[in-house]
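Report on the structure
Residue-level listing of the chains:
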Amino acid sequence: MMRYLLPLAAFMVLAVFLLVGLTLNPRQVPSPLIDKPAPAFQLQQLHEPEKVMASEENLGKVWLLNVWASWCVACRDEHPLLVQLANSGIVPVYGLNYKDERDVALQWLRKFGDPYAISIVDPDGRVGIDYGVYGVPETYVIDKKGIIRHKQIGPVTVDSLEQTIIPLVIELQRQT
Amino acid sequence: MNRFNLFKNDVLQQGFVVMHYLSKLNCLVALLFIVLMVPTLSWSKEALPLAEDPEVEARMLKLTENLRCLVCQNETIAGSRADFSNDIRREIRIQIKANKSDQEILDFMVERYGDFVLYDPPVKATTLFLWFGPLALFVVGVGTLIIYLRRRRIQIEEVSLSAAQRKQAEALLDGNKGNKV
């Protein structure tokens, strides 16, 4: 009996490993920045280049940081959802315009709508490196103490908003 | 037309024929053009290396050969032409020039992109299976094989033949031989 059961058990173990492997997405590299302080930045604003925004200004509120660019096609997919989210007033969305050109970026926002409380620019992507950005769009949920609580790699979807991001934001807003 | 056809494949000859039909002015212009071309031809030289400092470049390359490009996974940052890798290479050059040690630069990368960015992941609780899984499988495999072979040896009993049986067997074998030949 054992001589049949043993290979079968070994096969089952292998099958389970492979099955789990199939459901994993190698593009979703877990960020080591989760539950760590969001890297500080001081960046020029997109609309008013003479103004600078510092990340500390957002301490005390829950906010989203959305990394986007006009050259990023997937950003167009998620954009209507971000506009909707911003209009709902649940949470302010800040835009990090990543390695883009100002004119094109502004035109893009005029065309597709501007969901951002403030847009800041990272022309050479150095702040992007600090945040571990490797695939635009990416969206970070940052809590009142300035800790990154969640990172969405790739475009936000209705599912990811309703099931993950919004519940998390509401929970974080309850915390003091 | 015949003259053209005759020299059809000879570009040089054709050139002379064409020149012949050009006006003097056109000839001058053509000559001028050729003369102007000469300096650009003779002055072209080997492309300058992109990095101004070969030492920095060498260290950067050595470091990035062990780093994974997260956009085009399975490529190294040294070997990848993705924008992401360009940025990281630039960042690492800046850090080398700022006298950061190799370890500091690797830590900088891991802080931002996780262990996944390293092609040589550190040994820790989450990577134990990765590091020692194959060895464990090998040990289990060899162990199983040894046990199996031992058991089989025990199962095979030495059988000795009695004199009568031996004779019978020899007779059978001889008979076989006779039949075949």
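The structure this text deals with has already been given above.
We now turn to the structure provided with this report.

Quick notes on the rules
Residues numbered from 1 in each chain as written. Chains lettered and ligands numbered in written order. Predicted model: local features only at pLDDT ≥ 70, side-chain atom pairs only at ≥ 80, totals over all residues. Helix = DSSP H or I, 4+ residues; strand = E, 2+ residues; numbered from the N terminus. Buried ≥ 20, exposed ≤ 12 C-beta atoms within 10 Å, placed from the backbone. Contact = placed C-beta atoms within 7 Å. Pairing = 2+ DSSP bridges. Nonpolar A, V, L, I, M, F, W, Y, C, P; charged D, E, K, R; others polar. Axes fitted to C-alpha atoms, helices over the stretch in contact; angles between N-to-C directions.

What follows covers the overall build of chain B. Summing up its helical and strand segments, chain B has 8 helices and 0 strands in all. Counting all 181 residues of chain B, 11% fall into the buried class. Partitioning the intrachain contacts of chain B with sequence separation of at least 6 by distance along the chain shows that 37% fall at a separation of at least 24.

All names here are of chain A. Alignment of strand β6 (residues 138-142) against strand β7 (residues 148-153), held across 5 bridges, turns out to be antiparallel. Residue Glu138 lies in a different strand from β7, and its bridge partner there is Ile153. Hairpin connection from β6 to β7: 5 residues lie between these consecutive antiparallel strands, with Gly146 at a positive phi of about 80°.

Each side of the interface is counted separately: chain B has 12 residues, and chain A has 11 residues. Those elements that place two or more of their residues in the side of chain B that touches chain A are α5 (83-97) and α6 (102-113) of chain B. Top contributing element to the side of chain B that touches chain A by residue count: α6 of chain B, with 4 residues. In terms of residue class, the side of chain B that touches chain A is built from 6 nonpolar, 2 polar and 4 charged.

Residue and element names in this part refer to chain A. Taken in spatial order, the 5 strands make up an open sheet running β5-β4-β3-β6-β7, and their pairing is mixed. Looking at which strands have only one partner, the edges of the open sheet turn out to be β5 (119-122) and β7. Across this sheet, the average inter-strand angle for adjacent strands is 20°, counted without regard to direction. Note: strand β3 (residues 63-68) against strand β4 (residues 93-98), 5 bridges, orientation parallel. Bridging across to β4, Val67 finds its partner in Leu96. Along the sheet, helix α5 (residues 158-174) contacts β6 and β7; its crossing angle with β7, the most-contacted strand, is approximately 165°.

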